[in-house]
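# Survey of secondary and tertiary structure
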Amino acid sequence: MSPEKRAPLDRRRVADTALRLLNESGLEGLTLRAIAKELDVKAPALYWHFKDKQALLDEMATEMYRRTVAGSALDPADTWRERLLTSSRGLRAALLGYRDGAKVFSGSRFTGTEFAPAMEANLRLLTGAGLTVAQAVHAGRTAHTYTVGFVIEEQGVRPLPGERREGYDITERARRLAEYPLAAEAGGLLFDGYDEQFEEGLAIVVAGIGARYGLA
């Protein structure tokens, strides 16, 4: 038995193991039984720490966030635009580090309070720019959900960087849609060049927030 498997079982160790297995099997293949086998314990042992798979996903999302913010710091000189851009780019990069990372993150509830300092700072920055708290929440949530939703779609085609699911051949798609030239041309924009796609969409979101609330 390896030293790792002899280590005490706790929530963070289980989540760490689950995140490693996630990259191998994806979310559908991630089971409590598989995690228990990797940890060399019986599956019921995990229920001392997590009542069900969703509780585990919550801890996995929390651990993903911990790793995202570890060693990073917000720039107090940021404008509200710069903060939304930086935060959104950082979130996308973090989610792309895990197979189905965006699906794990979406809808999960953080189990700790590590998110609070950055959330407080972002809300202060947005309200300092002239937004009400409600408007600041709407702005932050819009950028956040755009990012998570974009990565869910991106990972549907590219589960991990360098991988590509079968069935997304752009040339073949264009051939099948030859009678619909605009739809055929759109394939290259929808299913490739994701960095550029993300940046363009993010620019639209941030510009929309500024226009909606009359921000400079």
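Located above this text is the structure these notes cover.
Scope of this entry: the structure provided in the associated data block.

Calculation rules
- Residues numbered from 1 in each chain as written.
- Predicted model: local features only at pLDDT ≥ 70, side-chain atom pairs only at ≥ 80, totals over all residues.
- Heavy atoms only, no water.
- Helix = DSSP H or I, 4+ residues; strand = E, 2+ residues; numbered from the N terminus.
- Buried < 20%, exposed > 50% of the residue type's maximum accessible area, 1.4 Å probe, protein only.
- Contact = heavy atoms within 4.5 Å.
- Areas by Shrake-Rupley, 256 points an atom, 1.4 Å probe, with all protein chains shown as cover.
- Lys, Arg positive; Asp, Glu negative; His and termini not counted.
- Charge placed at Lys NZ, Arg CZ, Asp CG, Glu CD.
- Axes fitted to C-alpha atoms, helices over the stretch in contact; angles between N-to-C directions.
- Parallel < 35°, antiparallel > 145°, perpendicular 65-115°, else oblique.
- Nonpolar A, V, L, I, M, F, W, Y, C, P; charged D, E, K, R; others polar.
- Core = buried A, V, L, I, M, F, W, Y, C linked by side-chain atoms within 4.5 Å.

### Observations concerning the overall build of the protein chain
Scanning the protein chain for helices and strands turns up 12 helices and 0 strands. Counting from the amino terminus, helix and strand elements in the protein chain follow one another as α-α-α-α-α-α-α-α-α-α-α-α. With respect to the principal axes defined by its C-alpha atoms, the protein chain has extents near 55 × 50 × 25 Å. The burial tally for the protein chain puts 35% of its 216 residues in the buried class. Of all intrachain contacts in the protein chain linking residues separated by at least 6 positions in sequence, the fraction that spans at least 24 positions is 72%. Within the structure as shown, the protein chain displays about 12,500 Å² of accessible surface, and the carbon and sulfur contribution to it stands at 56%. The averaged location of the 30 negative side-chain charges in the protein chain is 6 Å from the averaged location of its 29 positive side-chain charges.

### A word on the packing of helix 2 (residues 11-29) against helix 3 (residues 32-39)
Angle between the axes and distance between the axes: these two values describe a pair of packed helices. The geometry of helix 2 relative to helix 3 is characterised by a closest axis approach of 10 Å and an angle of 110° between their N-to-C directions. The angle between helix 2 and helix 3 falls in the class roughly perpendicular. Note on element contacts: helix 3 touches helix 2 through Ala34, Ile35, Glu38 and Leu39, opposite Arg13, Val14, Thr17, Ala18, Arg20 and Leu21. In terms of residue class, the contact of helix 2 with helix 3 is built from 6 nonpolar, 1 polar and 3 charged.

### Quick look at the nonpolar core
Among the nonpolar cores identified, the biggest contains 31 residues, and Leu22, Ile35, Leu56, Met60, Leu95 and Phe105 are the most heavily contacted of them. Of all the secondary structure elements, the ones that give two or more residues to this core are helix 2, helix 3, helix 5 (53-69), helix 6 (80-95), helix 7 (101-105) and helix 9 (133-157). Excluding residues that lie within four positions of it along the chain, leucine 95 makes contacts with Met64, Gly101, Ala102, Phe105, Val148, Val151 and Gln155. Ranked by size, the runner-up nonpolar core spans 17 residues in total, among them Leu84, Leu131, Phe198 and Val206.

### Here's the deal with the environment of leucine 123
Within the element layout of this structure, leucine 123 appears in helix 8 (residues 116-128). Along the primary structure leucine 123 and glycine 140 are separated by 17 residues, whereas in three dimensions their C-alpha atoms are 8.1 Å apart. Those residues in contact with leucine 123, other than ones at most four positions away along the chain, are Ala136 and Val137.

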